[in-house]
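Below are the chains, spelled out letter by letter.
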Amino acid sequence: MSGAREKKRAKKMRNQPASVTLPAEPGPFPGGGSRACPPSGDVRSEQQYQQQKFSNQSSGPSYRKDQYFPKGQNRGERGRGRGGWQGGRVSEEMPKYITVSTFAQARAAEINAMLKAVAQKSSNSLVFQTLPRHMRRRAMSHNIKRLPRRLQEIARKEKKEQSKTKCRKARRRHINLVAEFNRRQRKNIWLETHIWHAKRFHMVKKWGYCLGDSPTEKSYRACYRAMTKHCLLQDLSYYCCLELTGKENELLKQLARICSIDTGLTFEEACCLSGRFEGSLNLYRADRYPEDMLGPITFIWKPRDGSENRQLWIWMHPALKQDMLRELKAVFQCSEPEEIYIPEPITTTIQEEKQVDVVLSLGKKRKKEDKEGEKAVPVKKIIGDGTRDPFQSYSWISQTTGIVISDRTMEILRYRLIGPLSHSVLTETLKAASLQTEVADSETELNNWWVENCKDSEKVSLHQRQSAIFELLEGMSSPSEMPPGTILGLTVGDPRVNLPKKKTKAMPDFEKYQDNDKVRQLYLEGVPVDCAHSFIWDQDICKNVTENKISEQDLNHMRAQLLVPGSHLDLGPCESKIPILLVQQPGKMAGEDRPGWGSGWDIYLPKGWGMAFWIPFIYRGVRVGGLQEALKHSEYQRTPHAPNDFPDCQAGMQFAKELETSLLEKFKRRPPAKRANYVKLGTLSPFVCPWGQLTKNWEGRMKASGEFVHPSSPHPELCATEGHSFCDSKAEVVKEASPETGEVEETMEIISSEGVLKTEDVIGAQEFGERDETMTTSDFIVLRSEKLLMQLSAWCYPTAGKDRRLRLISRLGQKEMTEDVFLPILMSYPRALVWVNLSLLRKGNPELHAMICIPAEDDLVHLSKDKLFCGPQEPKHRDIFKHKVQKLKEEKKKKKKDNTKALESDPPSVPDKKTTEEHEDLILGLWSDALPDITSHCSRTLLGYVTRGDFSLAAGCGEALGFVSLTGLLYMLYNQPADKKGLVLLRTPASLQYRFARLNIEV
């Protein structure tokens, strides 16, 4: 019997009583009839009896029996056959008695099952569709009386059960459309530009949002060209904003506990504290630096306005929000909520759903009654924050210090323009707001706040200075010419008014590129402190601007009233005034090549104005990017991307775990013959980077060695010391015949000093299924000390002869690499990782989780002799798990065979838990045991892993970013020749070929 038939039969027998049989070839007396039957408890004997009767009473010539069964085998002895399930040998004796009670119970169960099957509807067809074709009538589907009387009652029930789906026209009505959109946002919130993105992008659900991942059109190179030569637009409104309000001294005192001056900027930096510049830093748990990393953030201080209290915005990735919010609440002792906030979409959805029900019940189409009894049409509500619980508080206050923490996520929208022509796009799209001294409409609050501010001469003067500086931006060739992190506040008019007739490409006006004193002053000094002020800091003003926005429908109606179609629409005092904040992004700052690449501007807007600014930007010829384009932007800048490149924070660990799961599932989906055998390739961990074990192994090697001598080969004869070997294991090349081809292959075996395969050398190594490293943040750290990174960067710098290296070190004020200098670093950071970037010397394309290895002496000698030498090859390893996998496969087949044979006689046996757990993670091609020493598993010593790698359009060669062990890096640099400093080998997980690459640390 085929596997499908076996499954079908097992499904049939699943709900049957013990004495029920369903023979595949029923005889003339199915179910026992009037003949004597075996005892009901013995299923096998009953079936054998049926088979015996069938074979004895089957008519026809004897040659038919011989035709289907071989000589010496009758129907009962053939076991499993094509015709159905047979139970083995046939009992030659007829049973003498049956147990009546149990037999009757079994038959009753069969009858009940049969009645249930008859009563149950077997298909999705309606009643009139079950009639023969000659009895069907066209009107039966909606007129029940056309049906035969016996079926009319059933048809009435069916009609009630049918869901009343509305037609498309009704579904597209505003009230129904908004209710549907809000329902779809309950789990993953939409950005204001969601519908625009959903039509043009591949959408993904991440971090509680629905985000555009990458464009559906081919635009990989086009997006790079936009970042390099024109302008790329991104919607970063999903980033989270926490606002801290309180006394400056109290804020700085507590904030100093969660950051360190060792890593660079702090919240106390004078230029950032004044409000002129945006700052960026890494946060840690209070007083835990350099351990317990929370993640990277950017921050903006509100400029001083004479008030005692200061405001601070902290912007972070949504994956980091909960950890940072929890730590800030603990540091400032904010336990009691100031007020409970229920996001509007949830409330709106419930209200609108109730209102829709009322409307439908009354039979009205669009209009509804509100609480005051006035007729009103529902309008789309502003979306709130989807990363927090609907009934959770959004503001917390400290009873001791009075500091308030407010969650302003999705209250402030954030767009990013990247590229040298960001200035042109900004100046063409946005125009400074005109002054207004009279209220346009006394009934509404439109622009009330602006009229009041225009009456103050100081604020009018400030607005004029801000407008003048904004116009000067057009005289700059690139945003990178501005001081890094410059902030400019501004109030602008409605950008929909200046919309061009058709899509154009914003180009710079070369007449304004004059080297006058004002532009030069802006280059050198940046924006003055008072010009960094913006009304967007005031929540009441933002609320007013959002609520009194002119709708798109009204705006189009005004355009239709123009005498000359297509001419400029002048709204006069009715034009909305929107406060915004412009923040310069400096682009690539580290390293010597491509300075300022990827620079641009961030625009902060009040909520509700997302599409009003988005469409005018699109009409200026910008190209839009998604999450993948943001990833490439940071890759070309060689900066870590959150949360991918932060393995020492909780969000980074969670990301690595999810990535490993997805890659493993993808690997399992492919048949064994069509996927890489990573055991033979010497890749221990192809889907996750075991950072904790890497640092532990290097720490163990350092302790075993005691001092750094000889180069990196793991062979003990090359790295023997006086007391101990730096590597306790040795790699042997073993020749063995391949079972498939019979050819002799070179394979690698990692053998310990006793000659046994090393599988348990490392404490804490875990099974493959649990290898997500249950990492606590104390297992390893990432080195972020600027002083030490500059020192390492100088040591990695390549030497091109004539003591260039000495001059470089003296210029940077760094020390030469001696034991007295680097041994204290090792003692302070025994388990540290260092962020590095690698550029391939020749061909090659680095991939995710590629291995960074130390070249042996022979490799460097070969490279010196042959400049075209790409790199050595890893000998093929022996798959020590292959026989286990084959044995497990055979056991499974045998068990399956036994289970199918015993399916009718015995209840299904429970598999042995220990055996199941033992082989649960045994997958052909993956290392399924505890990891050995990962640094010495291959012929070249492992130094680290690549987290991102690809061919770089910016550099014109393969580039990779990743982490290496600090101990291993110092060991390699100490032992490398002077003219080969910083040379490493890269090997992708599914390849045996090593490639030479240059390692750099950019600070």
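Residues numbered from 1 in each chain as written. Predicted model: local features only at pLDDT ≥ 70, side-chain atom pairs only at ≥ 80, totals over all residues. Heavy atoms only, no water.

By the naming in an unreviewed UniProt entry, the protein is Ribonucleases P/MRP protein subunit POP1, taken from Aptenodytes forsteri. Quoted verbatim from the Subcellular location (unreviewed entry) field of the UniProt record, the comment on the protein reads "Nucleus". (UniProt positions renumbered as here; feature names shortened; annotations may be inferred.)

Re the overall build of the protein
Looking only at helices and strands, the protein has 30 helices and 28 strands in total. A buried classification covers 49% of the 1003 residues belonging to the protein. Across the protein, every contact between residues at least 6 apart in sequence was considered, and the portion connecting residues at least 24 apart equals 76%. Per element, the accessible surface of the protein, about 51,600 Å² overall, is 51% carbon and sulfur. (Helix = DSSP H or I, 4+ residues; strand = E, 2+ residues; numbered from the N terminus. Buried < 20%, exposed > 50% of the residue type's maximum accessible area, 1.4 Å probe, protein only. Contact = heavy atoms within 4.5 Å. Areas by Shrake-Rupley, 256 points an atom, 1.4 Å probe, with all protein chains shown as cover.)

A short note on the nonpolar core
Ranked by size, the top nonpolar core spans 69 residues in total, and within it L792, W795, V834, L966, L969 and L970 carry the most contacts. Broken down by element, the residue count for this core peaks at seven residues, all from strand β22 (residues 832–840). Core analysis: the second largest hydrophobic core is formed by 59 residues, Y238, L255, F267 and A651 among them. (Core = buried A, V, L, I, M, F, W, Y, C linked by side-chain atoms within 4.5 Å.)

Focus on the pairing of strand β15 (residues 487–493)
One face of the sheet, then the other: side chains in a regular strand alternate in exactly this way. Within β15, seven of the seven residues are buried, which leaves it mostly tucked inside the rest of the structure. Bridge count between β15 and strand β16 (residues 577–585): seven bridges; the pairing is antiparallel. Counted as the bridge partner of G489 is L581 from β16. (Pairing = 2+ DSSP bridges.)

Quick notes on the environment of D407
Examined against the element boundaries, D407 turns out to sit in strand β13 (residues 404–407). Here D407 falls in the buried class, since its relative accessible area comes to 2%. Once the C-alpha coordinates of D407 and C241 are considered, the two residues, 166 residues apart in sequence, prove to be 6.3 Å apart.

Looking at the sheet that holds strand β2 (residues 201–206)
The three strands are arranged β1-β3-β2 in an open sheet whose pairing can be described as mixed. One side of each edge strand has no neighbouring strand; the edge strands of this open sheet are β1 (189–190) and β2. In this fold helix α21 (residues 627–637) packs onto β2 and β3 (209–215), with an angle of close to 70° to the strand it touches most, β3. (Axes fitted to C-alpha atoms, helices over the stretch in contact; angles between N-to-C directions.)

Describing a nonpolar patch on the surface
On the surface, a cluster of nonpolar side chains totalling about 420 Å² of accessible area is made up of I111, M114, L115 and V118. With respect to the secondary-structure elements, M114 resides in helix α4 (residues 100–119). (Patch = residues over 30% accessible without salt bridge, like charges linked within 9 Å, V, L, I, M, F, W, Y side chains within 5 Å. Salt bridge = Lys/Arg side-chain N within 4 Å of Asp/Glu carboxyl O.)

Some words on the pattern of salt bridges
Going through the model one piece at a time under the given rule, you end up with 34 salt bridges. When the shortest N-O distance is used, the salt bridge between E248 and R310 registers 2.8 Å. Of this pair, E248 sits in helix α10 (residues 248–255) while R310 sits in strand β8 (residues 309–316), and the two are 62 residues apart along the sequence. Of the two residues, E248 and R310, both sit in the buried class. Here D323 ties to R326 by a salt bridge, and the two come within 3.0 Å at their closest N and O atoms. Of the two residues, D323 and R326 are both situated in helix α12 (residues 321–332); the distance of three residues between them amounts to about one turn of the helix.

Regarding a positive patch on the surface
Residues R168, R171, R172, K199, R200 and K503 make up a contiguous surface patch of positive charge. Here R200 is to be found in the loop between α8 (194–198) and β2. With a relative accessible area of 36%, R200 lands in the partly exposed category. (Lys, Arg positive; Asp, Glu negative; His and termini not counted. Charge placed at Lys NZ, Arg CZ, Asp CG, Glu CD.)

Some remarks on the environment of G3
Structurally, the position occupied by G3 is in helix α1 (residues 3–14). Between the C-alpha atom of G3 and that of T900, which follows or precedes it by 897 residues, the distance is 9.8 Å.

A few points about the side chain of S260
Here S260 lies in the loop between α10 and α11 (270–273). Given a relative accessible area of 12%, S260 falls into the buried group. A distance of 3.1 Å separates a polar side-chain atom of S260 from the backbone nitrogen of D262. Apart from the residues within four sequence positions on either side, S260 is in contact with L265, T266 and Y289. (Polar contact = N/O pair within 3.5 Å; in protein donor to acceptor, adjacent residues only side chain to side chain.)

Digging into the sheet that holds strand β4 (residues 232–235)
One open sheet holds the six strands; their spatial order is β15-β16-β17-β14-β4-β18, and the pairing between them is mixed. In this open sheet, the two edge strands, each paired with only one partner strand, are β15 and β18 (623–624). With four bridges connecting them, β4 and strand β14 (residues 412–418) associate as antiparallel partners. Residue pairing in the sheet places D235 in a bridge with Y415 of β14.

Description of the environment of W927
Among the structural elements, W927 can be located in the loop between α29 (913–918) and β25 (942–952). Along the sequence, W927 and D879 sit 48 residues apart, while their C-alpha atoms lie 8.9 Å from each other. A distance of 3.5 Å separates the side chain of W927 from the backbone oxygen of D929, its partner in a polar contact. At a separation of 3.2 Å, a polar atom in the side chain of W927 contacts the main-chain carbonyl oxygen of A930.

Considerations on the packing of helix α24 (residues 786–796) against helix α30 (residues 966–975)
A pair of packed helices can be characterised by two numbers: the angle between their axes and the separation between those axes. As a packed pair, α24 and α30 sit with axes 11 Å apart at the nearest point and diverge in direction by 35°. As α24 packs across α30, the resulting crossing turns out to be left-handed. For the pair α24 and α30, the contacting residues are L792, W795 and C796 in the first and L966, L969, L970 and L973 in the second. Broken down by class, the residue content of the contact of α24 with α30 amounts to seven nonpolar, no polar and no charged. (Left-handed = near helix turned anticlockwise from the far one by under 90°. Nonpolar A, V, L, I, M, F, W, Y, C, P; charged D, E, K, R; others polar.)

Focus on the confidence of the model for the protein
Summarising the model, the protein shows a mean pLDDT of 77, and 73% of its residues fall at 70 or more. Predicted confidence is poor over residues 340–388, with pLDDT under 50, and the contacts of this stretch with residues over four places away or in other chains come to 89 contacts. Note that pLDDT drops below 50 for residues 709–746; the model gives that stretch 89 contacts with residues more than four away or on any other chain. (pLDDT = per-residue confidence, 0-100.)

Topic: helix α27 (residues 857–865)
Every buried residue belonging to α27 is among D859, L860 and L863, and all of these are buried. For α27, the buried positions fall inside an angular range of 95° around the axis, keeping them on one side. For α27, the exposed residues set more than 90 degrees away from the buried face come down to D858 and K865. Against β27 (983–987) and β28 (995–1000) lie the buried residues of α27. (Arc of directions from axis to C-beta.)

Structural notes on the packing of helix α9 (residues 220–229) against α21
Two elements in contact, α9 and α21, have axes separated by 11 Å at closest approach and are oriented at 55°. Considered as vectors, α9 and α21 are oriented oblique to each other. Of the two elements, α9 crosses α21, and the hand of that crossing is right-handed. Between α9 and α21, the residues in contact are Y220, C223, Y224 and M227 and E629, K632, H633 and Y636, respectively. The class makeup of the residues in the contact of α9 with α21 is five nonpolar, one polar and two charged. (Parallel < 35°, antiparallel > 145°, perpendicular 65-115°, else oblique.)

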